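# Chains, contacts and geometry: an overview
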Amino acid sequence: MLLPKPRPEEPPPTRIRFVAEPVSDGAILSLALGTAALSEAILGTGELVPQQPQSPSRLLGIDRGAVTDKPEPGWATVSNVGIAGAVAFAVVDPVLSGFRHGPDAAVADAFIYGETIAITWSVTNLAKIAFRRPRPEAYREQERLNAEYGEENAPDITDTNSALSFFSGHAAISASIAATASYLAFARSPRSPRPWVTLGVGTVVTALISVGRVRGGRHFPTDVIAGSMAGAGIGILVPHLHRSDDAKQRPVWVGVAPSAGGAGLSFGGMF
């Protein structure tokens with residue numbers, strides 16, 4: 001009688017943790033928050049000369065409707081309420097992680113969300129200063145001035161905020177929070193509905209905020225698309241860099257080892 005071969009023992013499932021280190025994470029937060037807060041203060045002084053809007057015909061086809069469409073204040077309210085809700089979730093979620101996974105998870109998540117928002121805010125302000133793209137409202141204001149004074153005599157628009165269209169901070173921050181929340185949920189609860197619900201709700205909220213910024217007359221479609229992409233990228237990268245699996249391996253490594261006839265170059269990774 002042949003006995004069945006015993007099955008090899010399955011390795012224990014890898015437990016994914018997220019860690020925060022006070023020195024490095026504190027330095028990142030200090031750099032990002034300092035840059036964001038100071039750039040915000042500089043933008044608020046009005047010292048930066050705004051770029052003047054040119055002919056709307058130079059805009060991409062996807063953006064031209066934002067100049068001709070009448071702004072809808074209700075949509076602007078939707079975007080403001082949406083971003084407030086997203087930031088509130090970023091404050092509450094680390095507390096919930098503490099109840100689900102312990103105090104270490106709460107501290108790590110607080111650092112992760114803080115860095116995600118601070119870096120996104122900083123990158124957004126730097127992009128606004130670099131591009132100084134006129135908002136749709138600046139184009140409408142220029143048309144009004146041209147009609148009132150004539151194109152040759154129309155005064156320049158001097159409000160710095162009128163040239164801070166690219167890219168949308170509302171879209172960027174909401175996308176970054178949604179991406180971070182989804183990454184954490186998929187890493188910790190991959191077999192439950194929670195990560196899919198988190199991803200779905202985050203996507204819907206970011207989409208509503210983005211539509212609200214365009215329909216409210218504050219941004220062009222390309223502003224919210226770029227903001228969402230930048231925010232999502234930051235929102236994924238920050239928690240990924242805080243990830244610590246039980247297997248004590250570096251995420252990516254390159255090495256040189258002796259082999260027959262010489263030396264060999266090897267590289268590998270764990271993702």
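### Observations concerning the packing of aromatic side chains
Summed over the entire model, instances satisfying the criterion amount to 5 aromatic pairs. One aromatic cluster is present, built from ring pairs that chain together F131, F166 and F167.

### What to know about helix 6 (residues 169-188)
With 20 residues, helix 6 ought to run about 28 Å at 1.5 Å a step, and its terminal C-alpha atoms sit 29 Å apart, in line with that. Counting buried positions along helix 6 yields 19 of 20 residues, so the element is predominantly enclosed. One side-chain oxygen of the residue at the start of helix 6 lies 3.5 Å from the amide nitrogen of H170, identifying that residue as S168.

### Digging into a nonpolar patch on the surface
On the surface, V87, V91, V92, V95, L96 and F99 cluster together to form a nonpolar patch covering roughly 560 Å² of accessible area. Turning to its location among the elements, L96 is positioned in helix 3 (residues 73-101).

### Quick word on the side chain of R133
You can see R133 is positioned in the loop between helix 4 (103-131) and helix 5 (136-149). Of the polar contacts made by the side chain of R133, one reaches the side chain of D63; its length is 2.9 Å. Within the local environment of R133, its side chain forms a polar contact with the side chain of T222, the two groups lying 2.9 Å apart.

### Quick notes on unusual backbone geometry
Cis geometry is adopted by the peptide bond preceding F167, which originates at F166 and carries an omega value of -10 degrees. Note on placement: F167 falls in the loop between helix 5 and helix 6. One non-glycine residue, R132, lies in the positive phi region at around 50 degrees. According to the relative accessible area criterion, R132 is partly exposed, its value standing at 28%.

### A short note on the pattern of salt bridges
Tallied over the entire structure, the rule returns 8 salt bridges. Note that R100 and D93 form a salt bridge whose closest N and O atoms lie 3.5 Å from each other. For D93, a relative accessible area of 6% gives the class buried. The closest approach of N and O atoms between R188 and D109, which form a salt bridge, is 2.8 Å.

### Brief notes about the nonpolar core
By size, the foremost hydrophobic cluster in this structure holds 16 residues, and its most contacted members are F18, I112, Y113, I177 and L184. If we ignore the near neighbours within four places in the chain, the residues touching I177 are A86, V87, F89, A90, Y113, T116 and I117.

### Here's the deal with helix 5
In this model helix 5 runs 20 Å from its N-terminal to its C-terminal C-alpha over 14 residues, within 8% of the 20 Å that 1.5 Å per residue would give. Those residues of helix 5 lying buried are P136, A138, Y139, Q142 and L145. As for helix 5, its buried residues are in contact with helix 2 (61-68). Following helix 5 by one or two positions, G150 has its phi on the positive side, about 90 degrees.

### So, the packing of helix 4 against helix 8 (residues 221-241)
Between helix 4 and helix 8, whose axes approach to 9 Å, the crossing angle comes to 145 degrees. Both helix 4 and helix 8 take part in a crossing whose hand is right-handed. Touching I112, E115, T116, I119, T120 and V123 of helix 4 are G231, I234, G235, V238 and P239, all from helix 8. Residues that form the contact of helix 4 with helix 8 fall into these classes: 6 nonpolar, 4 polar and 1 charged.

### Re the packing of helix 3 against helix 7 (residues 194-215)
In the contact formed by helix 3 and helix 7, the axes pass within 7 Å of each other and the chain directions differ by 155 degrees. Relative to helix 7, helix 3 is oriented roughly antiparallel. Relative to helix 7, helix 3 is oriented so that their crossing is left-handed. Residues W75, A76, V78, S79, N80, G82, I83, R100 and H101 of helix 3 form the contact with helix 7, whose own contacting residues are R194, V205, L208, I209, V211, G212, R213 and R215. Residue composition of the contact of helix 3 with helix 7, grouped by class: 8 nonpolar, 5 polar and 4 charged.

### What about the confidence of the model for the protein chain?
For the protein chain, mean pLDDT is 88; residues scoring 70 or higher make up 85% of the total. Note that pLDDT drops below 50 for residues 247-255; the model gives that stretch 21 contacts with residues more than four away or on any other chain.

Conventions adopted
- Residues numbered from 1 in each chain as written.
- Predicted model: local features only at pLDDT ≥ 70, side-chain atom pairs only at ≥ 80, totals over all residues.
- Heavy atoms only, no water.
- Phe/Tyr/Trp six-rings, centres within 6.5 Å; stacked < 30°, edge-to-face > 60°.
- Helix = DSSP H or I, 4+ residues; strand = E, 2+ residues; numbered from the N terminus.
- Expected span 1.5 Å × (residues − 1).
- Buried < 20%, exposed > 50% of the residue type's maximum accessible area, 1.4 Å probe, protein only.
- Polar contact = N/O pair within 3.5 Å; in protein donor to acceptor, adjacent residues only side chain to side chain.
- Patch = residues over 30% accessible without salt bridge, like charges linked within 9 Å, V, L, I, M, F, W, Y side chains within 5 Å.
- Areas by Shrake-Rupley, 256 points an atom, 1.4 Å probe, with all protein chains shown as cover.
- Salt bridge = Lys/Arg side-chain N within 4 Å of Asp/Glu carboxyl O.
- Core = buried A, V, L, I, M, F, W, Y, C linked by side-chain atoms within 4.5 Å.
- Contact = heavy atoms within 4.5 Å.
- Axes fitted to C-alpha atoms, helices over the stretch in contact; angles between N-to-C directions.
- Left-handed = near helix turned anticlockwise from the far one by under 90°.
- Nonpolar A, V, L, I, M, F, W, Y, C, P; charged D, E, K, R; others polar.
- Parallel < 35°, antiparallel > 145°, perpendicular 65-115°, else oblique.
- pLDDT = per-residue confidence, 0-100.

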